[in-house]
Amino acid sequence: MELLIIQHNHMTLHACILIGIGLAIRYIIGRRRFNRRGVAGLQLFSSYEKWWLTTRIEALFYFFGLLAILSGIFLLIFK
(Lines give C-alpha, C1' and ligand atoms only; values in the text may rest on other atoms or scores of the structure.)
Protein backbone atom coordinates (compact mmCIF):
# COMPACT_ATOMS: atom_id res chain seq x y z
CA MET A 1 0.00 0.00 0.00
CA GLU A 2 2.85 2.41 0.77
CA LEU A 3 4.32 1.76 -2.66
CA LEU A 4 1.11 2.98 -4.29
CA ILE A 5 1.16 6.19 -2.23
CA ILE A 6 4.81 6.87 -3.12
CA GLN A 7 4.15 6.23 -6.82
CA HIS A 8 1.11 8.48 -6.65
CA ASN A 9 3.21 11.33 -5.23
CA HIS A 10 5.85 10.90 -7.93
CA MET A 11 3.23 11.35 -10.63
CA THR A 12 2.00 14.54 -8.95
CA LEU A 13 5.56 15.81 -8.65
CA HIS A 14 6.28 15.08 -12.32
CA ALA A 15 3.03 16.77 -13.35
CA CYS A 16 3.90 19.91 -11.38
CA ILE A 17 7.40 19.96 -12.86
CA LEU A 18 6.00 19.66 -16.39
CA ILE A 19 3.53 22.47 -15.77
CA GLY A 20 6.27 24.64 -14.30
CA ILE A 21 8.63 24.00 -17.20
CA GLY A 22 5.87 24.75 -19.72
CA LEU A 23 4.94 28.00 -18.00
CA ALA A 24 8.60 29.03 -17.74
CA ILE A 25 9.17 28.40 -21.45
CA ARG A 26 6.12 30.43 -22.42
CA TYR A 27 7.10 33.24 -20.03
CA ILE A 28 10.67 33.45 -21.38
CA ILE A 29 9.49 33.56 -24.99
CA GLY A 30 6.87 36.19 -24.18
CA ARG A 31 9.45 38.32 -22.39
CA ARG A 32 11.87 38.02 -25.34
CA ARG A 33 9.11 39.09 -27.74
CA PHE A 34 8.19 42.02 -25.52
CA ASN A 35 11.80 43.21 -25.24
CA ARG A 36 12.20 43.15 -29.05
CA ARG A 37 9.36 45.61 -29.56
CA GLY A 38 10.15 49.14 -30.62
CA VAL A 39 8.28 52.41 -30.11
CA ALA A 40 5.67 51.50 -32.72
CA GLY A 41 5.01 48.13 -31.10
CA LEU A 42 6.57 46.06 -33.87
CA GLN A 43 9.25 43.44 -33.29
CA LEU A 44 12.61 44.66 -34.58
CA PHE A 45 15.14 42.37 -36.24
CA SER A 46 18.43 43.29 -37.90
CA SER A 47 17.91 40.96 -40.86
CA TYR A 48 15.36 38.76 -42.55
CA GLU A 49 17.32 35.62 -41.67
CA LYS A 50 17.35 36.48 -37.96
CA TRP A 51 13.62 37.13 -38.08
CA TRP A 52 12.91 33.86 -39.86
CA LEU A 53 15.09 31.71 -37.63
CA THR A 54 14.03 33.38 -34.38
CA THR A 55 10.30 33.16 -35.05
CA ARG A 56 10.52 29.50 -36.12
CA ILE A 57 12.56 28.46 -33.08
CA GLU A 58 10.31 30.42 -30.71
CA ALA A 59 7.19 28.89 -32.27
CA LEU A 60 8.66 25.42 -31.79
CA PHE A 61 9.55 26.05 -28.14
CA TYR A 62 6.18 27.74 -27.53
CA PHE A 63 4.51 24.57 -28.82
CA PHE A 64 6.71 22.37 -26.59
CA GLY A 65 5.77 24.57 -23.64
CA LEU A 66 2.10 24.07 -24.42
CA LEU A 67 2.61 20.31 -24.70
CA ALA A 68 4.39 20.26 -21.33
CA ILE A 69 1.53 22.15 -19.68
CA LEU A 70 -1.13 19.93 -21.23
CA SER A 71 0.71 16.71 -20.36
CA GLY A 72 1.17 17.95 -16.77
CA ILE A 73 -2.54 18.66 -16.49
CA PHE A 74 -3.29 15.28 -18.05
CA LEU A 75 -1.08 13.59 -15.43
CA LEU A 76 -2.80 15.45 -12.61
CA ILE A 77 -6.27 14.52 -13.84
CA PHE A 78 -5.58 10.88 -14.70
CA LYS A 79 -3.04 9.92 -12.05
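Residues numbered from 1 in each chain as written. Predicted model: local features only at pLDDT ≥ 70, side-chain atom pairs only at ≥ 80, totals over all residues. Heavy atoms only, no water.

A. Structural context of helix 2 (residues 48-77). Between its first and last C-alpha atoms helix 2 spans 43 Å; for 30 residues at 1.5 Å apiece the expected length is 44 Å, and the two agree. If you check which residues of helix 2 are buried, you get Thr54, Glu58, Gly65, Ala68, Ile69 and Gly72. (Helix = DSSP H or I, 4+ residues; strand = E, 2+ residues; numbered from the N terminus. Expected span 1.5 Å × (residues − 1). Buried < 20%, exposed > 50% of the residue type's maximum accessible area, 1.4 Å probe, protein only.)

B. Layout of the packing of aromatic side chains. Under the criterion given, the structure shown has 3 aromatic pairs. Taken together, a centroid distance of 6.4 Å and an interplanar angle of 45 degrees make the contact between phenylalanine 63 and phenylalanine 64 tilted. Judged by its relative accessible area of 44%, phenylalanine 63 falls in the partly exposed class. Taking relative accessible area as the criterion, phenylalanine 64 reaches 42% and is therefore assigned partly exposed. Positioned above the aromatic ring of tyrosine 62 is the side chain of arginine 26, whose terminal nitrogen or guanidinium carbon lies 4.0 Å from the ring centre. Looking at arginine 33, its charged tip hangs above the ring of tyrosine 62, at a distance of 5.1 Å from the centre. (Phe/Tyr/Trp six-rings, centres within 6.5 Å; stacked < 30°, edge-to-face > 60°. Lys NZ or Arg CZ within 6 Å of the ring centre and 35° of its normal.)

C. Here's a closer look at the side chain of threonine 54. Within the secondary structure, threonine 54 sits in helix 2. At a separation of 2.6 Å, a polar atom in the side chain of threonine 54 contacts the main-chain carbonyl oxygen of lysine 50. Not counting the four nearest positions on each side in its chain, threonine 54 is found in contact with Arg32, Arg36 and Phe45. (Polar contact = N/O pair within 3.5 Å; in protein donor to acceptor, adjacent residues only side chain to side chain. Contact = heavy atoms within 4.5 Å.)

D. Region of the structure containing the environment of serine 47. Within the secondary structure layout, serine 47 lies in the loop between helix 1 (2-35) and helix 2. Polar side-chain contacts of serine 47 include one of 3.2 Å to the backbone nitrogen of lysine 50.

E. Spatial organisation of the pattern of salt bridges. Per the counting criterion, the structure on display carries 3 salt bridges. Linking arginine 33 and glutamate 58 is a salt bridge whose minimum nitrogen-to-oxygen distance equals 3.3 Å. Taken together, the residues arginine 33 in helix 1 and glutamate 58 in helix 2 connect sequence positions 25 residues apart. A salt bridge links glutamate 58 to arginine 36; its shortest N-O distance comes to 2.9 Å. One end of the pair, glutamate 58, is in helix 2; the other, arginine 36, is in the loop between helix 1 and helix 2, with 22 residues separating them in the sequence. For the pair glutamate 58 and arginine 36, a shared accessibility class is recorded, and that class is buried. Here the salt bridges do not stand alone but share partners, grouping Arg32, Arg33, Arg36 and Glu58 into one network. (Salt bridge = Lys/Arg side-chain N within 4 Å of Asp/Glu carboxyl O.)

By themselves these figures say nothing about function.
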